[in-house]
Every structure is written in C-alpha cells, then in structure tokens.
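Structural characterization, general
Residue strings, one per chain:
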Amino acid sequence: MVYVSPTNTTGAGVAEDEELQTDESAVETSLEELLQRKERRLEGADEEDDDDALIEAMEGPDGPSETLAVKVIPPQPTEFTCQKCFLLKHQTQLKDKKRQLCRDCA
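Remember, it's a predicted structure, so these values are computed and weren't measured experimentally.

1. Some points on the overall build of the chain
The number of helices and strands found in the chain is one helix and four strands. Start at the N end of the chain and walk to the C end: the helices and strands fall as α-β-β-β-β. Here the chain holds 106 residues, and 10% of them are scored as buried. Within the chain, counting contacts between residues at least 6 apart in sequence, those at least 24 apart form 0% of the total. Counting every atom, the chain has about 9700 Å² of accessible surface; 53% of that belongs to carbon and sulfur.

2. Details of the side chain of Asp96
The topology assignment puts Asp96 in strand S3 (residues 94–96). A polar atom in the side chain of Asp96 sits 3.3 Å from the backbone nitrogen of Lys98.

3. A short note on the pattern of salt bridges
Applying the stated criterion to the full structure yields three salt bridges. Linking Glu33 and Arg37 is a salt bridge whose minimum nitrogen-to-oxygen distance equals 4.0 Å. Here Arg37 and Glu33 lie together in helix H1 (residues 12–59), a separation of four residues that amounts to about one turn. On the accessibility criterion, Glu33 (38% relative accessible area) is partly exposed. The partner of Arg99 in a salt bridge is Asp96, with the nearest N and O atoms 2.6 Å apart.

Criteria and cut-off values
- Residues numbered from 1 in each chain as written.
- Predicted model: local features only at pLDDT ≥ 70, side-chain atom pairs only at ≥ 80, totals over all residues.
- Heavy atoms only, no water.
- Helix = DSSP H or I, 4+ residues; strand = E, 2+ residues; numbered from the N terminus.
- Buried < 20%, exposed > 50% of the residue type's maximum accessible area, 1.4 Å probe, protein only.
- Contact = heavy atoms within 4.5 Å.
- Areas by Shrake-Rupley, 256 points an atom, 1.4 Å probe, with all protein chains shown as cover.
- Polar contact = N/O pair within 3.5 Å; in protein donor to acceptor, adjacent residues only side chain to side chain.
- Salt bridge = Lys/Arg side-chain N within 4 Å of Asp/Glu carboxyl O.

Structure (structure tokens):
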C-alpha cells in the first residue's frame with residue numbers, strides 16, 4: 001500500500017498505486033497459470049499410478065510370483081576388496097598391498 005500525504009498534489013502516489021495494482025494482477029495471473037500447470041502434472045501422475053496398479057495386478061498382492069534363487073559365494077582367499085571402489089577383485093589386480101587398492105584406483 002502506498003501512503004500519499006495530503007500535501008502531495010502531483011498525483012505521483014496515484015501512479016504508484018496503479019502500478020501496484022497492475023503488478024498484483026500479474027501475480028494473480030501467474031498464480032492461475034501455476035495452478036493449471038500443477039493440475040496438468042497431476043493428471044500425468046495419474047497415468048503413472050495406473051502403471052503401478054497394472055504391475056501390482058500382474059504380480060499379485062504378495063509381490064512377484066517367481067522366486068529368485070541366488071547362491072552367494074563368500075570371498076575366496078585369492079580375492080580382495082578394494083578399499084576405494086569396494087569391488088571384489090582377484091589378487092592379480094592388487095596394486096597397493098598396504099592400502100588394499102586395485103590397479104584402477106591406485
């Protein structure tokens with residue numbers, strides 16, 4: 001809000017008030033546009049929800065119907081874990097024995 005003193009007869013306060021109203025209407029227009037964009041994005045999100053529902057219906061409520069069986073083998077004595085990249089590598093890849101770094105990381 002603009003304060004205009006009673007002694008100001010130039011009308012400068014009126015012009016500033018009109019500019020303020022113009023800015024407010026621009027803000028309202030921008031807000032309306034933003035709300036419309038948000039609604040459009042939400043409509044797109046509904047499609048993704050439909051995809052999720054389709055996947056769930058195919059798998060069933062308990063998850064995938066197929067069970068995956070993977071046999072985990074512990075690290076072999078000829079392997080080491082690099083302390084930088086944390087990959088399990090063969091001893092021939094060991095570059096820095098003290099810091100346990102592979103050739104790629106050393």
